[in-house]
Amino acid sequence: MPVCPPSLAQPRVNMVDPDEIAKLCYERFQQLPRRGKPEPGREWTLLAAVLRITRRANSDTVEKEVVSLGTGTKCIGQAAMSPSGDILNDSHAEVIARRGCVRYLIQELYRAVSGGGSAVFCQAEEQGKWRLHPGVSFLFFTSHTPCGDAAIIAMTGSQSQPCPPVTPAHRPEEERGRGDLKRKDEESSEVKSIKRPRQEEPETAETHLEDRGQRRQSFLSKSCEDPPQPAEERVERRSPGLCPQGADVHRTGAKCVSGGPADPLLPGEGYHWTGLLRVKPGRGQPTLSLSCSDKLARCGVLGFQGALLSLYLQEALYYSTVVVGGGPYSQEAMTRALVTRCSCVSALPAGFSVCPPQLLQSSLEFPFSQAQTELHHQAGQGRISPCGAAISWCNVPEQPLDVTANGYKHGVTRKALGTAKARSLLCKLELFHSFLSLVAATAPAARPPPSQVTPPLSPDSHTASDWTWCRSPSSALCSGSIPSGLLCCLSLLSPQGAELLTYWDYKQAAQSYQQAWQQLLSQAFPRWPRTDRGLLLFH
């Protein structure tokens, strides 16, 4: 099998038409079934997508294909997180699109290791490792400015917020006590053929937004010399006294992480600090989900492939370009949030680097944005609210569409909770099982060498000699929730000889990824909340 030339493995895409990218994504969304989409004129949502860009050798032809698309605006609270990994914690569009892309990448690696040929990967120089074909790169599109730090930008005229928060304030008592699984209108509409989430949220000073000023075009209407200081410590402290009369900034619903500076909440431009890590708001309870600005910044150092797939890849995968759809936007804020905060990270292991994307904006606004929904809202439709469903579509042959609400399959009943029927294909457990299928399909001689599989970095970790490839059927796998056809897997052998086959084990086995993560944490994001290990011990 041919080996990719090192210098051509991951080119940068320098010439991108942002309007063309936006149009491709909006058209892909229009082609999806109706299920999970917002009600026109009454519900709004956000959209994000990952595109594969392919430049053909000896040709000026550039192919652009949407390989993953996501919509969504919600997160579950910390108390609702599952130790079984069977609930989707973060359903913001950017997260849905990335996780859908991971499904796509697993499928492409499966084709590669099975000898079927992949449009994305070819063998790298290292044993058992893969890299992108020459001329292949990935682009990230989001219909809106990402929530968090990138959304804190100066307002001009009368503009709507780029990523308005969804707040639970003043909800009826019966709605608060009902939990996060089902909304009242879903439970009382079992006679309907299609259950559609309609989460009514009250309008507050931040969520009631009028856009009568600089409205963008709708798609439908147009056929380090000093030692680096952690980014969280380099807070841009604006002085409200220096603001112009009546100046204000777009506000984000994402809250500063605990243990650090808190927003001053002063009038106008002094409402937020900038440069801080933030967590997304939940429905009445705090979340552990970092803002989309923070997660995209992390991708600029660790890549978007995640820890598990890094075991198979010689180099991390980075977005060459990030395109934002029409709406409130600031190049300065985007650069600050996605690039500057991580620009001084150094001492990264081989295969990882600081790889800032090109930042562009389209003039085409998403037809189901909040601003466009307000524009087309008609009397009698009820209050405008965010759509409660999240849609994932990715270019895979089996079950490409996944529609969820409140972290579970859309329309699932309480009786089905805890079963595979309730699980989103994007939850940690399902992606882990997909990865194990990839490992099972990989011939032993084609796997990364055991020396690549190393122990966790925590103080109570096992020694390096404890890690090895398991070459025999695993009774733990065959008797557990993982399909019995998985006969080979990457295992951690404890000093007592017991196999530790959890999701956490696999993530910690990716030594280079974990080393890069530690460098990013220590140099840029020391207050990034750590996930409780107890939430990652599933298999």
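The structure displayed is predicted, hence computed values, not measured ones.

### Let's talk about the overall build of the protein
From N to C terminus, the protein includes twelve helices and 21 strands. Taken over 539 residues, the protein has a buried fraction of 58%. Total accessible area computed for the protein in this model is approximately 22,100 Å², and 52% of it derives from carbon and sulfur atoms.

### Digging into unusual backbone geometry
Its identity as a non-glycine residue notwithstanding, Gln399 has a phi of 50 degrees, on the positive side. Its location among the elements puts Gln399 in the loop between β16 (389-394) and β17 (401-405). Here Asn406, not a glycine, exhibits a phi torsion of approximately 55 degrees, which is positive. Here Asn406 lies in the loop between β17 and β18 (408-409).

### Quick word on the packing of aromatic side chains
Across all of its chains, the model carries 17 aromatic pairs by this definition. Ring plane angle 45 degrees and centroid distance 5.0 Å describe the contact between Phe140 and Tyr319, whose orientation is recorded as tilted. In this structure Tyr319 comes out as buried when scored by relative accessible area, which is 5%. Between Phe525 and Trp528 the ring centres are 5.6 Å apart and the planes differ by 45 degrees, which places this aromatic pair in the tilted class. Cluster of aromatic residues (ring-pair linked, three or more members): Tyr312, Phe432, Phe435, Tyr503, Tyr506 and Phe538.

### Regarding the side chain of Arg103
Structurally, Arg103 is set in helix α2 (residues 93-113). With no salt bridge to any partner, buried Arg103 finds its closest opposite charge in Asp402, at an N-O distance of 6.3 Å. Only 3.0 Å separates the side chain of Arg103 from the backbone oxygen of Gln399, close enough to count as a polar contact. Setting aside residues no more than four positions away along its own chain, Arg103 makes contact with Cys394, Val396, Glu398, Gln399, Pro400, Leu425, Leu426 and Leu431.

### Considerations on the pattern of salt bridges
Two side chains carrying opposite charge are able to pair once their charged atoms lie near each other. Enumeration according to the criterion identifies 16 salt bridges in this entry. Salt bridges linked by common partners bring Glu39, Arg42 and Glu43 together as one network.

### Observations concerning the environment of Ala262
In this structure, Ala262 sits in the loop between β10 (255-256) and β11 (278-279). For Ala262, a relative accessible area of 53% puts it in the exposed group. Ala262 sits 16 residues away from Arg278 along the chain, and the two C-alpha atoms are 9.9 Å apart. In this view, Ala262 contacts Cys256 and Trp273; residues no more than four positions away in its chain are not counted.

### Considering helix α5 (residues 292-302)
Of all eleven residues that make up α5, ten are buried, and the element is covered over most of its length. Within α5 the residues assigned to the buried category are Cys292, Ser293, Asp294, Lys295, Leu296, Ala297, Cys299, Gly300, Val301 and Leu302. Downstream of α5 by a residue or two, Gly303 has a phi angle that is positive, lying close to 85 degrees.

### As for the environment of Ala247
Positionally, Ala247 belongs in the loop between β9 (217-218) and β10. Considered as a pair, Ala247 and Glu269 are 22 residues apart in the sequence and their alpha carbons are 6.2 Å apart.

### Concerning the confidence of the model for the protein
When pLDDT is averaged along the protein, the result is 79, and 71% of the positions lie at 70 or above. Taken as a whole, residues 6-13 scores under 50 in pLDDT and shows 31 contacts with residues more than four places along the chain or in a different chain. Of the regions scoring below 50 in pLDDT, residues 165-228 engages in 145 contacts with residues more than four places distant in sequence or in other chains.

### Focus: the nonpolar core
Counting 79 residues, the largest nonpolar core has Leu105, Phe121, Phe138, Tyr312, Leu338, Phe435 and Leu520 as its most contacted members. The element contributing the most residues to this core is α2, with ten residues. Residues contacting Phe121, with those up to four places away along its chain left out, are Leu105, Glu108, Leu109, Trp130, Arg131, Leu132, His133, Leu313 and Leu317. Phe141, Val323, Ala389 and Ile391 belong to the second largest nonpolar core, which has 25 residues in total.

### Details of the packing of α2 against helix α9 (residues 428-441)
Where α2 contacts α9, the axes come no closer than 9 Å and their chain directions differ by 10 degrees. Of the possible angle classes, the one that applies to α2 and α9 is roughly parallel. Every residue of α9 that contacts α2 at Arg99, Val102, Arg103, Ile106, Leu109, Tyr110 and Val113 is listed here: Lys428, Leu431, Ser434, Phe435, Ser437, Leu438 and Ala441. Class assignment for the residues of the contact of α2 with α9 results in nine nonpolar, two polar and three charged.

### Quick word on the sheet that holds β16
Strand-to-strand pairing in sheets goes through backbone hydrogen bonds, with the strands running parallel or antiparallel. Overall, mixed pairing links the eight strands, which are arranged β13-β12-β8-β2-β3-β16-β17-β18 in an open sheet. The two strands at the open ends of the sheet, each matched to only one other strand, are β13 (358-361) and β18. Where strand β8 (residues 136-142) and strand β12 (residues 319-324) come together, five bridges link them in parallel fashion. Of the residues in β12, the one forming a bridge with Phe141 is Val323. The strands touched by helix α1 (residues 18-30) are β2 (47-55), β3 (62-71), β8, β12, β13 and β16; relative to β3, the strand with the most contacts, the crossing angle is about 50 degrees. This element, α2, spans β2, β3, β8, β12 and β16 of the sheet and lies at about 120 degrees to β3.

### A look at the pairing of β2
For β2, the tally of buried residues reaches eight of nine residues, placing the bulk of the element in the interior. Note that β2 and β3 share nine bridges and pair antiparallel. Each bridged residue has a counterpart across the sheet, and for Leu51 the counterpart in β3 is Val66. The hairpin turn running from β2 into β3, its antiparallel successor, is six residues long, and Asn58 in that turn takes a positive phi close to 55 degrees. Sheet topology places β2 next to β8; seven bridges connect them, and they run antiparallel. Residue pairing for β8: Ala49 is matched across the bridge by Phe141.

### A look at α2
With 21 residues, α2 should reach 30 Å at 1.5 Å per residue; the first-to-last C-alpha distance of 30 Å fits that figure. Two residues or fewer past α2, Gly115 is found with a positive phi of approximately 85 degrees.

### A look at the environment of Ala22
On the secondary structure map, Ala22 appears in helix α1. C-alpha separation for the pair Ala22 and Thr142, spaced 120 residues apart in sequence, amounts to 8.4 Å. Ala22 has contacts with Phe141, Ser362 and Leu364, leaving out every residue within four places of it along the chain.

Rules behind the numbers
Residues numbered from 1 in each chain as written. Predicted model: local features only at pLDDT ≥ 70, side-chain atom pairs only at ≥ 80, totals over all residues. Heavy atoms only, no water. Helix = DSSP H or I, 4+ residues; strand = E, 2+ residues; numbered from the N terminus. Buried < 20%, exposed > 50% of the residue type's maximum accessible area, 1.4 Å probe, protein only. Areas by Shrake-Rupley, 256 points an atom, 1.4 Å probe, with all protein chains shown as cover. Phe/Tyr/Trp six-rings, centres within 6.5 Å; stacked < 30°, edge-to-face > 60°. Lys, Arg positive; Asp, Glu negative; His and termini not counted. Salt bridge = Lys/Arg side-chain N within 4 Å of Asp/Glu carboxyl O. Polar contact = N/O pair within 3.5 Å; in protein donor to acceptor, adjacent residues only side chain to side chain. Contact = heavy atoms within 4.5 Å. pLDDT = per-residue confidence, 0-100. Core = buried A, V, L, I, M, F, W, Y, C linked by side-chain atoms within 4.5 Å. Axes fitted to C-alpha atoms, helices over the stretch in contact; angles between N-to-C directions. Parallel < 35°, antiparallel > 145°, perpendicular 65-115°, else oblique. Nonpolar A, V, L, I, M, F, W, Y, C, P; charged D, E, K, R; others polar. Pairing = 2+ DSSP bridges. Expected span 1.5 Å × (residues − 1).

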